[in-house]
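Observations on the model geometry
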Amino acid sequence: MRICSASRRCHVWASATLAVSAFVCGAPAWAQLPTDAEGIVEKLPQPTPHWVWVNDMAFFAFPDGKAFLVDGDSGRMLGMLSTGYSFTAVLVPKTRAAIYAPETYFSRGTRGTRTDVVSIYDATQLLPVGEIEIPPKRASVMPMPGAQALTDDDRFLLIYNFTPAQSVTVVDMQSRKFVGEIETAGCALAYPTGPRSFFSICGDGALLETTLTDAGMLARHERTAELIDVLTDPLSEKGVRRGDTWLFASFEGVLHPLRATAAGVKAQPTWALFNPAELAQHWRTGGLQHLAVHGASGRLFAVVHQGGPETHKDPGEQVWVYDLASHKRVQTITTRNKVGSIQVSQDSQPLLFACSIESNRLDIYDATSGKYLRTVEPLGQTPTVLVLP
């Protein structure tokens, strides 16, 4: 009886165990997800002042440049463009109807026949809608804002060439055709000063002013006197523009305003970003895009660090804010991470965007209070130039 009873209990236990095992280990039940429709490309909403393009030259994978569109309010990455070899940055015309990207490709990926183009992307779906072939001379340099620019009416795209001969390619973005190449011997980059004019910075400290015809051809070249002491205190080429005036910082922290007038570009009185005590502590500007300006408030933002005379490309951990009217520092923003590039939105509640080639993150601050808001990461490999759409 005991054996039978025990057997009966064992039989009941075994039956229960098998039932549980069948339940746990039986055929899985899959959640039924709706089938995705093929070929659907989402459309972007209307741009806001707090969107920014984060351009990545992909320093460790040069053929694979990218541009990331980020919403500074939500911290979301909204879209991405693949932009080829040794990429600098996208350009966005005032209409925001398209996005332009000077790009370089090789027929065998990293070698072979080189082709340079200006790619045109739709601004709502980020799809390529056009391509303009240009001479394969686009400068392969560390990204800098002056390497490419649109004239003030967005008609012509100017692209700096370095072979090492220096010139500027002119592209008509209205007809979507290559116009021609303008020699700028001994002078680099392109800084627009009007719908048909720009200047380049020359190796001896002069400026080369270029005027275009309505067809985009060379109308006039005029070289200024030497405005910059390139031996004692050269300028960083990373200028920013407010209205008719370009602002450049020298290696020793002197701000040089260059104003476009009907009679040409005129040097305005310079002023110091650092007082003697700050210079004694070796404060300097530095980075790949170390200046930004908020037009309406007249505030100049500058990435600063402490270092020697050859550290003008070093990132910093502070952004000093200056009033352009009084020439006084009015704010200090201590950043959460090292910063090499900054940009400021142009609305009444501006955001300060900050990144560094040393890390693939974008930090976002309230530009008025300096308060840290959020970080967007990861973004590519080596973010460099920041562009407002």
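Attention in this report is confined to the structure presented alongside it. (Residues numbered from 1 in each chain as written. Predicted model: local features only at pLDDT ≥ 70, side-chain atom pairs only at ≥ 80, totals over all residues. Heavy atoms only, no water.)

1. Details of the overall build of the chain
For clarity, the cut-off: Put simply, DSSP H or I for four residues or longer makes a helix, DSSP E for two residues or longer makes a strand, and each gets a number counted from the N terminus. Radius of gyration: over C-alpha atoms. The globule rule applied is 2.2 Å multiplied by the number of residues raised to the 0.38 power. Type-normalised accessible area, obtained with a 1.4 Å probe on protein chains alone, sets the label of each residue: buried when under 20%, exposed when over 50%, and partly exposed for intermediate values. Contacts between residues were defined by any pair of non-hydrogen atoms, one from each residue, lying within 4.5 Å. What sets the accessible areas is the Shrake-Rupley method with a 1.4 Å probe; for residues, cover comes only from the shown protein chains. Only four residue types enter the charge count, namely Lys and Arg as positive and Asp and Glu as negative; His and the chain termini do not. One atom stands in for each charge, and that atom is NZ of Lys, CZ of Arg, CG of Asp or CD of Glu.
Along the backbone of the chain there are two helices and 29 strands. For a compact globule of 389 residues, the expected C-alpha radius of gyration is about 21 Å, and the chain comes in at 28 Å, more than 25% above that figure. For the C-alpha atoms alone, the extent of the chain along its principal axes is close to 120 × 55 × 40 Å. Expressed as a percentage of its 389 residues, the buried residues of the chain come to 49%. Across the chain, every contact between residues at least 6 apart in sequence was considered, and the portion connecting residues at least 24 apart equals 44%. Accessible surface, the chain as shown: approximately 19000 Å² in total, 55% of it carbon and sulfur. Placing the 34 positive and 38 negative side-chain charges of the chain at their respective mean positions leaves the two points 8 Å apart.

2. Comments concerning the sheet that holds strand 11 (residues 187-194)
Strand-to-strand pairing in sheets goes through backbone hydrogen bonds, with the strands running parallel or antiparallel. What counts is decided by this rule: Whether two strands pair depends on DSSP finding at least two bridges between them. Between N-to-C directions, angles span 0 to 180 degrees; the directions come from axes that are lines fitted to C-alpha atoms, helices contributing only their stretch in contact.
Taken together, four strands build an open sheet; the order of strands is 11-12-13-14 and the sheet is antiparallel. Each edge of the open sheet carries a strand with a single partner, namely strand 11 and strand 14 (218-223). Strand after strand, the sheet turns through a mean of 25° between neighbouring axes, direction not considered. One ladder, built from five bridges, connects strand 12 (residues 197-202) with strand 13 (residues 207-212); its direction is antiparallel. For serine 197, the partnering residue across the bridge sits in strand 13 and is threonine 211.

3. Remarks on the pattern of salt bridges
Note the cut-off: Any carboxyl oxygen of Asp or Glu within 4 Å of a side-chain nitrogen of Lys or Arg constitutes a salt bridge here.
Scanning all chains against the criterion turns up 16 salt bridges. Two residues, arginine 155 and aspartate 172, come together in a salt bridge whose shortest N-O distance is 2.9 Å. In this pair, arginine 155 is assigned in the loop between strand 7 (148-150) and strand 8 (156-162) and aspartate 172 in strand 9 (residues 166-172), connecting sequence segments 17 residues apart. A single burial state applies to arginine 155 and to aspartate 172, both of which are buried. For the salt bridge of aspartate 214 with arginine 196, the shortest nitrogen-to-oxygen distance reads 3.4 Å. Taken together, the residues aspartate 214 in the loop between strand 13 and strand 14 and arginine 196 in the loop between strand 11 and strand 12 connect sequence positions 18 residues apart. Among the ionic contacts, a cluster of salt bridges with common partners joins Asp153, Arg196 and Asp214.

Any functional reading would require information beyond the geometric quantities listed.
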